[in-house]
Amino acid sequence: MRNTLFQDAIQNGRRLTAIVLPLLFLATGYAIAADAQEEDFAAWLTDFRQAALSEGISSETLDAVLPGLTFRARVVELDRRQPEGTLTYAEYLSRVLPPARVNRGKRLLRKHRALLTEIGDAYGVQPRFIVALWGIESDFGRVTGGFPVLDSLATLAFDGRRGEFFRAQLLEALRIVDDGHIQPDKMLGSWAGAMGQSQFMPSSFQQFAVDHDGDGRRDIWGTLPDVFASAANYLAKAGWKHDQTWGRRVRLPEGFDLDLKGLEVTKSLPEWQALGVRRSNRDDLPTRQLTASLILPGGPGGPAFLTYPNYRVLLKWNRSHYFATTVGQFADLLMAR
């Protein structure tokens, strides 16, 4: 009996060793690889520092920021597995534009009406579009991202898959810090570096962010006048037309030629009318001489939209038909009682 127990113990020990040793070797391998990666990242930062100095970033900012930057493996993981095309249009719309968000948008539009009107008049952008973008990008400032932007950008620049793009974004982010718009530890955003309530990349911040309240900082993180004016400035500089809307949902006739869909095809509203296209309630289209393109974001059989020049401006903000049609519909719902 004792011999049997002893033999079992030996056998179990061998099994345990067979399981544990490979795990130990694997863990050791990961640790060595991680150490090597950290060393490579540190060397990359050293080279980057010299380049940043030559680009005009102050040594004070670089000394304060670069030593604290951390390689974020999670950021690389997210970059490698972006969910593209995983949602149907109906699923996207229900997720991004639930009734609760629409109702809150209406309340906030009323609450900030005076400020939004002032900014809308200054930039030639209807307030409802500013609120729609605010709501979709950050849930009205509630969800702006918890990743340290400088870490994320440095990680993606070092990783190399889109290294040149993120290296340029890192330089712009350092200029934002250098100019005193935000403290480095407060510069939080998405894993890809989109920042603040308007989710601007650093290059967009440099082009479009506005210090509307005149305090010397362009604060898209916490100052609503700056958030609203920055969004309006983006749209205005991208070619927004204040006397037009974005488009409208329409009904297509039976047997409609779907080769006419897409931004490559533009026709006047009377021309679309002649082809049998009508408003979603079956009324005739407006008689204005607007040019429009037919968009089917969910594919054949799904919702159809005639989109005007302002729609192309929304696509400059985000090159997604899902996104742009949802912003437009959100803005329309904000007008409804």
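Residues numbered from 1 in each chain as written. Predicted model: local features only at pLDDT ≥ 70, side-chain atom pairs only at ≥ 80, totals over all residues. Heavy atoms only, no water.

(A) Summary view of the pattern of salt bridges. Evaluation of the coordinates by the stated rule reveals 15 salt bridges. Ionic pairing is found between Arg142 and Asp139, a salt bridge with its closest N-O pair at 2.6 Å. Exposure remark for Arg142: the relative accessible area of 60% places this residue in the exposed category. You can call Asp139 buried: its relative accessible area is 12%. (Salt bridge = Lys/Arg side-chain N within 4 Å of Asp/Glu carboxyl O. Buried < 20%, exposed > 50% of the residue type's maximum accessible area, 1.4 Å probe, protein only.)

(B) Structural context of the packing of aromatic side chains. Counting across every chain of the model gives 21 aromatic pairs. Judged by centre distance (4.3 Å) and plane angle (50°), the ring pair of Phe208 and Tyr234 falls under tilted. Taken together, the residues Phe208 in helix 10 (residues 202-208) and Tyr234 in helix 11 (residues 224-237) connect sequence positions 26 residues apart. Comparing Phe208 with Tyr234 shows no difference in burial state: the two are buried. Grouping aromatic residues by their ring pairs yields a cluster made of Phe41, Trp44, Phe48, Phe71 and Phe158. (Phe/Tyr/Trp six-rings, centres within 6.5 Å; stacked < 30°, edge-to-face > 60°. Helix = DSSP H or I, 4+ residues; strand = E, 2+ residues; numbered from the N terminus.)

(C) Looking closely at the environment of Ala52. Structurally, Ala52 is set in helix 1 (residues 2-54). The spacing of Ala52 and Arg167 is 115 residues in sequence and 9.9 Å in space, taken between C-alpha atoms.

(D) Molecular detail of the packing of helix 7 (residues 127-138) against helix 14 (residues 321-335). It is the contact of helix 7 with helix 14, at a shortest axis distance of 8 Å, that shows an interaxial angle of 125°. Judged on the interaxial angle alone, helix 14 and helix 7 are oblique. With respect to the hand of their crossing, helix 7 and helix 14 are arranged in right-handed fashion. Across the interface between the two elements, Arg128, Phe129, Val131, Ala132, Leu133, Gly135, Ile136 and Glu137 from helix 7 touch Phe323, Thr326, Val327, Gly328, Phe330, Ala331, Asp332, Leu334 and Met335 from helix 14. In terms of residue class, the contact of helix 7 with helix 14 is made up of eleven nonpolar, three polar and three charged. (Axes fitted to C-alpha atoms, helices over the stretch in contact; angles between N-to-C directions. Parallel < 35°, antiparallel > 145°, perpendicular 65-115°, else oblique. Left-handed = near helix turned anticlockwise from the far one by under 90°. Contact = heavy atoms within 4.5 Å. Nonpolar A, V, L, I, M, F, W, Y, C, P; charged D, E, K, R; others polar.)

(E) Expanded view of the nonpolar core. Core analysis: the biggest nonpolar cluster contains 83 residues, and Leu150 and Met187 have the highest contact counts within it. When sequence neighbours within four positions are dropped, the list of residues in contact with Leu150 reads Val65, Leu69, Leu170, Ala173, Leu174, Val177, Pro184 and Met187. (Core = buried A, V, L, I, M, F, W, Y, C linked by side-chain atoms within 4.5 Å.)

(F) Structural detail: the packing of helix 11 against helix 13 (residues 309-317). Taken N-terminus to C-terminus, the directions of helix 11 and helix 13 make an angle of 120°; their axes are 9 Å apart at the nearest point. Taken together, the axes of helix 11 and helix 13 are oblique relative to one another. The way helix 11 lies across helix 13 gives a crossing that is right-handed. Two secondary-structure elements touch here, helix 11 through Ala231, Tyr234 and Leu235 and helix 13 through Val313, Leu314, Lys316 and Trp317. Looking at side-chain class alone, the contact of helix 11 with helix 13 contains six nonpolar, no polar and one charged residues.

Fair warning: the whole summary comes from geometry, so function is off the table for now.
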